[in-house]
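# What the coordinates show
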Amino acid sequence: MTRRQPSHTHAHPAGKPGTDVARGAPCWVSLTARDLAASEKFYGTVLGWEFRATTLGSRFAVALSDGRPVATIGAVAGDMQVAVVWTPFFAVPQVDEATARIRERSATVALGPVSFASGRAALAADRDGAVFGVWDGRLPGGWQSWHDRGPVVVRLHTRDAFESAIFYGGVLQWADDEADCCTVGYEFDQAEVVVRTGSNVVARISSGAVEAAPDPLARPHWSVAFAVDDVPATVESARELGAAVVDAGGSAEGAWADIRDPEGGLFTVFARSSHPEPSH
């Protein structure tokens, strides 16, 4: 695990819709943690990340994978009295308009809009309780390959994929016939709604979650998955540092595992391959 100094002034993940990222596409993932140093040690060891300071202060860091910005970690869970969790953020042209669309569709804006040096963000929960963020701003330099067969995949596990696709399509302006937006399709073999920018799959939506399930993995939620070269070795490294393996398996695309970090943050690792997505 290596700590770097800031190399630019972009303090928070973001991308300008229509220039660097498709409007409505997932543009970043962020871990709300309690202890930044402990999180850096864990993810630096388990996923091989390096870390760079930001202008947001000593409790925030940008994680780098192979030299590319891949995520942020903010040690704010205790102050905000929220759970330790990985959350995807989606690029929007105007965060105020996006939060208005969220409320219009009977969902909840939990935090924000909040202003940062490089943009504005809001944290929300959809009508089934899955938490996500919206962002209007810039991204750290080098982020552009983030979901161009990159190391991160986001998937919504929800009660009804089609109903959720209508909700997110309205909030994030998917498939509105503009050149800079995402497209939405259906994969019959996987029974999933698929969100694309060009030929790249940037998000998937799957049915079957149960709102009142006692198991958090069975309730509606956005999962965040990271590609690794060796899933068993990653699992063993995580266990040695106090993490719990919640579930694991394999598919035609390779092995995967759901891991809960020592503070409780849940994430998935999957085998880096020609097909960059876990199938569970």
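Above this text you will find the structure in question.
### Considerations on the overall build of the protein chain
What the protein chain contains, in helices and strands, is five helices and 17 strands. Residues counted as buried form 51% of the 280 residues belonging to the protein chain. Restricting the contact set of the protein chain to residue pairs at least 6 apart, pairs at least 24 apart contribute 64%.

### As for empty space enclosed by the protein
Counted according to the given criterion, the structure contains two cavities of 30 Å³ or more. For the largest cavity, the calculated volume is near 60 Å³. Its residues assigned to classes, the lining of the largest cavity comprises two nonpolar, one polar and five charged.

### Digging into the pattern of salt bridges
Tallied over the full model, the rule gives ten salt bridges. When the shortest N-O distance is used, the salt bridge between R159 and D128 registers 3.3 Å. Of this pair, R159 sits in the loop between β10 (152-157) and α4 (161-172) while D128 sits in the loop between β8 (119-125) and β9 (131-137), and the two are 31 residues apart along the sequence. Here R159 falls in the partly exposed class, since its relative accessible area comes to 34%. For D128, a relative accessible area of 12% gives the class buried. Between E187 and R196 there is a salt bridge whose closest N-O contact spans 3.1 Å. The class of R196 is partly exposed, set by a relative accessible area of 25%. One network of salt bridges, in which partners are shared, links R155, E187, E192, R196 and R204.

### Observations concerning the environment of F270
Residue position: F270 is located in strand β17 (residues 266-271). Spatially, the C-alpha atom of F270 lies 8.9 Å from that of E253, the residues being 17 residues apart in sequence.

### Observations regarding the sheet that holds strand β14 (residues 221-228)
In spatial order, the strands read β11-β12-β13-β10-β14-β17-β16-β15; together these eight strands make up an open sheet with mixed pairing. Looking at strand neighbours, the two that pair on one side only are β11 (183-187) and β15 (244-251), the edges of this open sheet. With direction set aside, neighbouring strand axes in the sheet form an average angle of 25°. Two strands pair when backbone bridges link them, and β11 and strand β12 (residues 192-197) are joined in this way by five bridges, in the antiparallel orientation. Residue pairing for β12: E187 is matched across the bridge by E192.

### Quick notes on a nonpolar patch on the surface
On the surface, a cluster of nonpolar side chains totalling about 370 Å² of accessible area is made up of F162, Y186 and F188. Along the polypeptide, F162 turns up in helix α4.

### What to know about the packing of aromatic side chains
Counted by the stated rule, this structure contains 19 aromatic pairs. Ring centres of Y168 and W222 lie 5.5 Å apart, and the angle between their planes is 90°; this geometry places the pair in the edge-to-face category. Of this pair, Y168 sits in helix α4 while W222 sits in strand β14, and the two are 54 residues apart along the sequence. Grouping residues by exposure puts Y168 and W222 together as buried. An aromatic cluster is present here, built from F42, Y43, W49, F51, W86, F226 and F267 joined pairwise through their rings.

### Observations concerning the packing of helix α3 (residues 95-104) against α4
Helix-helix packing is characterised by the crossing angle of the two axes and by the distance between the axes. Put simply, α3 and α4 touch, their axes get as near as 8 Å, and they point 150° apart. Viewed along their axes, α3 and α4 adopt a mutual orientation that is roughly antiparallel. Seen along the crossing, α3 lies across α4 with a hand that is right-handed. Only F167, G170 and V171 of α4 make contact with α3, whose side of the interface consists of A98, R101 and I102. Its residues assigned to classes, the contact of α3 with α4 shows four nonpolar, one polar and one charged.

Quick notes on the rules
Residues numbered from 1 in each chain as written. Predicted model: local features only at pLDDT ≥ 70, side-chain atom pairs only at ≥ 80, totals over all residues. Heavy atoms only, no water. Helix = DSSP H or I, 4+ residues; strand = E, 2+ residues; numbered from the N terminus. Buried < 20%, exposed > 50% of the residue type's maximum accessible area, 1.4 Å probe, protein only. Contact = heavy atoms within 4.5 Å. 1 Å grid on protein atoms, 1.4 Å probe; cavity = no way out; pocket = protein on both sides within 12 Å on 5 of 7 lines; lining within 4 Å. Points joined across faces, edges and corners; volume = space filled by probe spheres on them. Nonpolar A, V, L, I, M, F, W, Y, C, P; charged D, E, K, R; others polar. Salt bridge = Lys/Arg side-chain N within 4 Å of Asp/Glu carboxyl O. Pairing = 2+ DSSP bridges. Axes fitted to C-alpha atoms, helices over the stretch in contact; angles between N-to-C directions. Patch = residues over 30% accessible without salt bridge, like charges linked within 9 Å, V, L, I, M, F, W, Y side chains within 5 Å. Areas by Shrake-Rupley, 256 points an atom, 1.4 Å probe, with all protein chains shown as cover. Phe/Tyr/Trp six-rings, centres within 6.5 Å; stacked < 30°, edge-to-face > 60°. Parallel < 35°, antiparallel > 145°, perpendicular 65-115°, else oblique. Left-handed = near helix turned anticlockwise from the far one by under 90°.

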